[in-house]
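# Structural overview
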There are 2 protein chains.
Amino acid sequence: MSTTAPKGFSAAGVAAGLKSSGDPDVAVVVNHGPDDAAAAVFTTNRFPAAPVLWSRQVLDDGRARAVVLNSGGANACTGPEGFADTHATAEHAATQLGQAGRELGAIDVAVASTGLIGMRLPMEKLTAGVTDAVKALSEDGGPDAARAIMTTDSVPKTTVQEREGWSVGGMAKGAGMLAPSLATMLVVLTTDAVVDPAVLSTALKQATSVSFERVDSDGCLSTNDTVLVMASGASGITPSAEEFTEALTAAATDLAMQLLADAEGSTKDIAITVRNAAGVADALTAGRACARNNLLKTALFGNDPNWGRVLAAIGTTDAAFEADQVDVTINGVTVCRGGAIGDPREGVDLTGRAITIDVDLKAGTDEATIWTNDLSITYVHENSAYST
Amino acid sequence: MSTTAPKGFSAAGVAAGLKSSGDPDVAVVVNHGPDDAAAAVFTTNRFPAAPVLWSRQVLDDGRARAVVLNSGGANACTGPEGFADTHATAEHAATQLGQAGRELGAIDVAVASTGLIGMRLPMEKLTAGVTDAVKALSEDGGPDAARAIMTTDSVPKTTVQEREGWSVGGMAKGAGMLAPSLATMLVVLTTDAVVDPAVLSTALKQATSVSFERVDSDGCLSTNDTVLVMASGASGITPSAEEFTEALTAAATDLAMQLLADAEGSTKDIAITVRNAAGVADALTAGRACARNNLLKTALFGNDPNWGRVLAAIGTTDAAFEADQVDVTINGVTVCRGGAIGDPREGVDLTGRAITIDVDLKAGTDEATIWTNDLSITYVHENSAYST
């Protein structure tokens, strides 16, 4: 049920003609309250798309009533005209929702877009689509909304985490371009728990830091990444901050793993765990260096347990370790011991989709896991053949 | 004539059976003097291969008499045993060269290796190869040596820079894995100019900083990168430091461009120039971010002038710029102006091999160019199908 699983939300997804395929491309998710607490995490790219600039303003007071999302165009690098387009979209949505009996202004409506950078959106089609979506709003509309935000995704991504009388729901789009801080990825999370805006913001930061921010598919950071959470309070139940953070993290992690599994052209899901690091930052640095090493990623695509490329990647970082201390274990076989030859690489079975790489730095007690994909021929094909 | 173009050098390349193909795989270059000044720049990877550890010691006093190079095995991540193998190689070469009438010790012989990481070298074959190579030493042996250090290179890379009565010669191997600080790349430069070791070292650092270090093919930094220069003084001519640095830089740049043109599986040579940066460091940071962006590189492979991916790449850096000021020009068409839509992308012709991307940061007066390649299907195929 996606974003409409928690009480107090309606959603819709319609085809507005932004995608040449005719597939659904405009989604609306509305919070009917009684609360309107909201929080968001946005891309740290220094060329934030117009909808990111807009939605930052919307979320500034910790409140939002609705979000409009579109695929078929990112509205990024489109200048002041692009920003005006986003503003107009929010304005139009607010008007339409107002006519549907919900009192609100443009500043209550977040916007998120995904698709090709550097192209204006066809505003006539988009506003018509928003009108249609508002008319189609339904308490069962979550799955339709999840489908309308897909780009090169092969499947919609949704989650529901049920707790005692309250729940967290969510949807995500993203396939490839999963990145350092966030992915080219739009995520909407909803909850009917009663959650204070400050708690919501802290919980969201915590949830994304261990989920979306640890998925690094190709090291590219998009201009449009947005993770939005809205709390309706419709369950009347106020979980503790810990309880809520746990549920939100579970929802975010579930969606992050679905994004990883659907990354463009990937044939492997790779979990790189760096253990015994001098700090979590060191573990993350070393893990990311592996996740972004094209030579390692192509080797894994070719079922080659090339541990030398793991060391070469880690060797470019400033993480604390001694070169003659590091162990590397791939799918359970310790192929590198003390920075040198370990057990025979022939013992490593890489034929399955799941690969685990464990790096033991022997420099401390902290650890972290980064998830990534292999670099496949299909990745290159998909990203060269289509403008995204 | 490669490394034997300058007077005072002999070289050879032989097949020792390290490569299963039976192609030449052991090279020796000898400096017959009268001088023995030498300098080197090595990988900054924190897992330096055994020959790098050894050759650092050899070069410590600014002198070297000979270098032994092998393809067919990197001798990296091989522990103390691998270091002993390198030492034994230098010792054996010194003995063989001594029997050939040249008085020298192991500490006068640098070693460089390239090939698969994490495998011991077959020392019996290697030492027999060194014996053969010393016997085959010739003043015309430069081209043979250049062929013997090839791995996935499709052509040997050599250069000669003639000046007034003296010259600089050189050879290089490397194809793909061209990287941040250096490439997986072995380079030997020779000169018959009279050059003080201190001048030689400074000139080499300067030459590599604007040549090999600005070629960033896939962002991966190898364990074995070595650039070695030896000066015989056989011309009797002492150029000024400026004159010598210019010639050495010309030789290094010529080789770097040959490496770029032969990068594994590439179909494009891409020059990314960042102009009007607040400093050279900013220009390099922004240029490298583009050179390492897989989405941009796959787009260029597909002849797609996807300037949004240029901005998205630059947007991840801390270079000084205002997002609404940046211009991007691809092959002469300013497709992005002020961080937004510029001239129509349809006007960009990307069908040729050469691509120029000019980024104007409008934040200062410095500039730098980074060279890279596209990310092609062949790149993935080559790097997944073969262990290197």
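All of the points below concern the structure found in this document. Since the structure is predicted, the reported quantities are computational estimates derived from the model, not experimental observations.

### Here we look at the overall build of chain A
- Within chain A one finds 10 helices and 15 strands.
- Over its C-alpha atoms chain A spans a radius of gyration of 22 Å, differing by no more than 12% from the 21 Å that the globule rule assigns to 388 residues.
- Within chain A, buried positions represent 62% of all 388 residues.
- Contacts in chain A between residues far apart in sequence, at least 24 positions, make up 79% of those at least 6 positions apart.
- Surface exposure of chain A reaches about 12,700 Å², of which carbon and sulfur atoms provide 50%.
- Averaged over its 26 positive side-chain charges, chain A has a centre that lies 3 Å from the centre of its 47 negative ones.

### Describing the interface of chain A and chain B
- In this complex, chain A contributes 56 residues to the contact, which on the side of chain B involves 56 residues.
- For the pair chain A and chain B, the summed buried surface comes to about 4,200 Å²; carbon and sulfur atoms form 61% of the total.
- It is A:Arg46, A:Phe47 and A:Leu295 in chain A that bury the most area against chain B; as a group they hold 17% of the surface buried on that side.
- Looking at the side of chain A that touches chain B, the elements that each hand over two or more residues are helix H8 (294-301), helix H9 (307-314), strand S13 (340-341) and helix H10 (377-385) of chain A.
- Taken together, the residues of the side of chain A that touches chain B sort by class into 27 nonpolar, 22 polar and 7 charged.

### Concerning the side chain of A:Ser113
Residues and elements named next belong to chain A.
- By the secondary structure assignment, Ser 113 is in strand S5 (residues 109-113).
- Side chain to side chain, Ser 113 and Asn 70 meet in a polar contact 2.6 Å long.
- Apart from residues no more than four positions distant in its own chain, Ser 113 is found in contact with Pro 51, Asn 70, Gly 73, Ala 74, Asn 75, Leu 121, Leu 186 and Asn 224.

### Quick word on the sheet that holds strand S2 (residues 26-31) of chain B
Residues and elements named next belong to chain B.
- On the basis of which strands lie adjacent, the open sheet formed by 4 strands has the order S1-S2-S4-S5 and mixed pairing. A strand with exactly one partner marks an edge of an open sheet, and here the two such strands are strand S1 (9-14) and strand S5 (109-113). Across this sheet, the average inter-strand angle for adjacent strands is 10 degrees, counted without regard to direction.

### Quick look at the relation of the copies chain A and chain B
- After a rotation of 180 degrees and a shift along the axis of 0.0 Å, chain A superposes on chain B with an RMSD of 0.1 Å. Each copy turns onto its partner about a two-fold axis. Residue A:Ile377, judged by its C-alpha, is the member of chain A lying nearest the rotation axis, at 2.6 Å.
- Same-surface contact between copies: 100% of interface residues of chain A are shared with the interface of chain B.

### A few points about the packing of aromatic side chains
- Here the structure, examined in full by the defined rule, presents 6 aromatic pairs over all chains.
- Plain terms: the ring middles of A:Phe47 and B:Phe321 are 5.3 Å apart, the flat faces sit at 15 degrees to each other, and that makes the pair stacked. One end of the pair, A:Phe47, is in the loop between strand S3 (37-42) and helix H1 (50-59); the other, B:Phe321, is in the loop between helix H9 (307-314) and strand S11 (327-330), on a second chain.
- Overall, the relative accessible area of 7% leaves B:Phe321 in the buried class.
- In this structure, A:Arg46 packs its charged tip against the face of B:Phe321, placed 3.8 Å from the ring centre.

Parameters at a glance
- Residues numbered from 1 in each chain as written.
- Chains lettered and ligands numbered in written order.
- Predicted model: local features only at pLDDT ≥ 70, side-chain atom pairs only at ≥ 80, totals over all residues.
- Heavy atoms only, no water.
- Helix = DSSP H or I, 4+ residues; strand = E, 2+ residues; numbered from the N terminus.
- Rg over C-alpha atoms; globule rule 2.2 N^0.38 Å.
- Buried < 20%, exposed > 50% of the residue type's maximum accessible area, 1.4 Å probe, protein only.
- Contact = heavy atoms within 4.5 Å.
- Areas by Shrake-Rupley, 256 points an atom, 1.4 Å probe, with all protein chains shown as cover.
- Lys, Arg positive; Asp, Glu negative; His and termini not counted.
- Charge placed at Lys NZ, Arg CZ, Asp CG, Glu CD.
- Buried area = accessible area lost by both parts, 1.4 Å probe.
- Nonpolar A, V, L, I, M, F, W, Y, C, P; charged D, E, K, R; others polar.
- Polar contact = N/O pair within 3.5 Å; in protein donor to acceptor, adjacent residues only side chain to side chain.
- Pairing = 2+ DSSP bridges.
- Axes fitted to C-alpha atoms, helices over the stretch in contact; angles between N-to-C directions.
- Least-squares fit on C-alpha atoms with pLDDT ≥ 70 in both.
- Phe/Tyr/Trp six-rings, centres within 6.5 Å; stacked < 30°, edge-to-face > 60°.
- Lys NZ or Arg CZ within 6 Å of the ring centre and 35° of its normal.

Fair warning: the whole summary comes from geometry, so function is off the table for now.
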